[in-house]
Amino acid sequence: MEIKVEFNPDLALRDISHFESGKREREECIPKKLQAGKIYDFLKKDQRNYWLVGEIPLIETRGEEVLSRPRASIQIIEATHFLKEDGIWTRGKYRVIEVFFDDKIQFEGLDRVGTKKF
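Bear in mind the structure is a predicted one, so any value in this text is a computation, not a measurement.

**Structural notes on the overall build of the protein**
Scanning the protein from N- to C-terminus turns up one helix and nine strands. By the compact-globule yardstick of 13 Å for 118 residues, the protein fits well, its C-alpha radius of gyration being 14 Å. Projected onto its principal axes, the C-alpha coordinates of the protein cover approximately 45 × 35 × 25 Å. Of all 118 residues assigned to the protein, the portion counted as buried reaches 36%. Across the protein, contacts joining residues at least 24 apart in sequence account for 59% of those joining residues at least 6 apart. Surface summary for the protein: the accessible area is close to 7900 Å², and the carbon and sulfur share equals 50%. Taking the 22 positively charged and 22 negatively charged side chains of the protein as two groups, their mean positions are separated by 3 Å.

Right, dumping it as structure tokens:
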């Protein structure tokens, strides 16, 4: 028996078109209109651990580890593992800190640009 756990430094969700076409649940996708200060639900397949203390990037995944630049800075405020028919899943909530509208570099490693003390 094995215990498979993934540690994620970001939250990678699909484009909302995957929900609109019936391929994914709404919580597996980035909402059409992200708003700073608002709390959203998320859903990810497998058992995943996220950093809860500070900000992490919200990114779009296209599958096969093809990822976008950060779309927003978020804080995970809740994460729960649970069993579903097809395996273990992680669901939770995240608060949007800031929405990004360009491709500027917003994170250095796990730190927001300009917040790390040298």
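**What about the packing of aromatic side chains?**
Within this structure, the stated rule accounts for three aromatic pairs. Seen in terms of ring centroids, Phe42 and Tyr94 are 6.4 Å apart; in terms of plane orientation they differ by 45°. Their pairing is tilted. Taken together, the residues Phe42 in strand S3 (residues 39–45) and Tyr94 in strand S7 (residues 87–99) connect sequence positions 52 residues apart. Across the pair, Tyr94 and Phe42 agree in class, each one buried. Aromatic ring contacts, followed pair by pair, group Tyr40, Phe42, Tyr50 and Tyr94 into a single cluster. When the ring centre of Phe82 is taken as origin, the NZ or CZ atom of Arg91, which lies over that ring, is 3.9 Å away. Over the ring of Phe107 we find Arg112; its NZ or CZ atom is 5.9 Å from the centre of that ring.

**Brief notes about unusual backbone geometry**
Residues other than glycine seldom take positive phi values, yet Glu64 does so here, at roughly 55°. Under the relative-accessibility criterion, Glu64 is labelled exposed at 79%. Of note, Glu65 is a non-glycine position whose phi angle comes to about 65°, a positive value. In this fold, Glu65 is placed in the loop between strand S5 (56–60) and strand S6 (72–84). Residue Glu65 is classed as exposed on the basis of its relative accessible area of 74%.

Here is what the cut-offs are and how they apply
- Residues numbered from 1 in each chain as written.
- Predicted model: local features only at pLDDT ≥ 70, side-chain atom pairs only at ≥ 80, totals over all residues.
- Heavy atoms only, no water.
- Helix = DSSP H or I, 4+ residues; strand = E, 2+ residues; numbered from the N terminus.
- Rg over C-alpha atoms; globule rule 2.2 N^0.38 Å.
- Buried < 20%, exposed > 50% of the residue type's maximum accessible area, 1.4 Å probe, protein only.
- Contact = heavy atoms within 4.5 Å.
- Areas by Shrake-Rupley, 256 points an atom, 1.4 Å probe, with all protein chains shown as cover.
- Lys, Arg positive; Asp, Glu negative; His and termini not counted.
- Charge placed at Lys NZ, Arg CZ, Asp CG, Glu CD.
- Phe/Tyr/Trp six-rings, centres within 6.5 Å; stacked < 30°, edge-to-face > 60°.
- Lys NZ or Arg CZ within 6 Å of the ring centre and 35° of its normal.

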